[in-house]
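Chain by chain, the residues:
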Amino acid sequence: MLREERPDDGVTGEEGSSVAGDGRRWLLDPVDGTLNYASGQPAWCSAVVLVDGEEPLACAVYDAMHDELWSASRGEGATVNGAPLRASTDGRPLEAATVSAFVDVRRRDPGIVAGTDALTRR
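Values in this document were obtained by computation on a predicted structure and should not be read as measured data.

Caption draft 1: Quick look at the side chain of Asp 9. With respect to the helices and strands, Asp 9 occurs in the loop between helix H1 (2-5) and strand E1 (10-13). With a relative accessible area of 4%, Asp 9 lands in the buried category. Here Arg 6 takes part through its side chain, which lies 2.8 Å from a polar atom of the side chain of Asp 9. For Asp 9, the side chain forms a polar contact with the main-chain nitrogen of Arg 24, separated by 3.2 Å. Ignoring sequence-local partners within four residues, the contact set of Asp 9 consists of Ala 20, Gly 21, Gly 23, Arg 24 and Trp 26.

In structure tokens form, the structure reads like this:
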């Protein structure tokens, strides 16, 4: 479908697929949480990001188990099932957030390791 609608766009899939393009780039993870999905655990989702240049333009995450669609676009804010999301106002600093990441051993190339390290340190 992307090839038909956006033939000049690139596509990168989490499972290793990559299609070059001259336009925007789509980053796809159709089954994020593959192990959970394959073992019948309810903690998985489908995710997509549209990158325009070096910046994300829009993204969406669909949690099929809870029928929730989380989405955001540059300059438009974020929603869940169409309802606007708001940042917490409870006074907790970002430094108090819990961050969890899993990087598949097959994807531990230097770029992925450096990006994950930079994210968790921030």
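Caption draft 2: Inspection of the sheet that holds strand E5 (residues 55-63) at higher detail. One open sheet holds the 8 strands; their spatial order is E2-E1-E3-E4-E5-E6-E7-E8, and the pairing between them is mixed. One side of each edge strand has no neighbouring strand; the edge strands of this open sheet are strand E2 (18-19) and strand E8 (83-84). Across 4 bridges, the pairing between E1 and strand E3 (residues 25-32) is parallel. Residue Gly 13 lies in a different strand from E3, and its bridge partner there is Leu 28.

Caption draft 3: Region of the structure containing the pattern of salt bridges. Counted according to the given criterion, the structure contains 2 salt bridges. A salt bridge links Arg 92 to Asp 90; its shortest N-O distance comes to 2.7 Å. On the basis of relative accessibility, which here comes to 64%, the residue Arg 92 falls in the exposed class.

Caption draft 4: Here's a closer look at the confidence of the model for the protein chain. The predicted model of the protein chain has a mean per-residue pLDDT of 87, with 99% of residues at 70 or higher. For the protein chain, per-element mean pLDDT is lowest for helix H3 (residues 110-121), which scores 80, and highest for strand E6 (residues 68-73), which scores 97.

Caption draft 5: Expanded view of a nonpolar patch on the surface. Together, Val 61, Trp 70 and Leu 85 make up a nonpolar patch on the protein surface, roughly 220 Å² of accessible area in all. Here Val 61 lies in strand E5. Judged by relative accessible area, which is 30%, Val 61 ranks as partly exposed.

Caption draft 6: How the structure looks around the packing of aromatic side chains. What the rule picks out here adds up to 1 aromatic pair. Note on Tyr 37 and Trp 44: the rings are 4.7 Å apart at their centroids and 75° apart in plane angle, and the pair reads as edge-to-face. What makes Tyr 37 partly exposed here is its relative accessible area of 46%. The class for Trp 44 is buried, based on a relative accessible area of 15%.

About the thresholds
- Residues numbered from 1 in each chain as written.
- Predicted model: local features only at pLDDT ≥ 70, side-chain atom pairs only at ≥ 80, totals over all residues.
- Heavy atoms only, no water.
- Helix = DSSP H or I, 4+ residues; strand = E, 2+ residues; numbered from the N terminus.
- Buried < 20%, exposed > 50% of the residue type's maximum accessible area, 1.4 Å probe, protein only.
- Polar contact = N/O pair within 3.5 Å; in protein donor to acceptor, adjacent residues only side chain to side chain.
- Contact = heavy atoms within 4.5 Å.
- Pairing = 2+ DSSP bridges.
- Salt bridge = Lys/Arg side-chain N within 4 Å of Asp/Glu carboxyl O.
- pLDDT = per-residue confidence, 0-100.
- Patch = residues over 30% accessible without salt bridge, like charges linked within 9 Å, V, L, I, M, F, W, Y side chains within 5 Å.
- Areas by Shrake-Rupley, 256 points an atom, 1.4 Å probe, with all protein chains shown as cover.
- Phe/Tyr/Trp six-rings, centres within 6.5 Å; stacked < 30°, edge-to-face > 60°.

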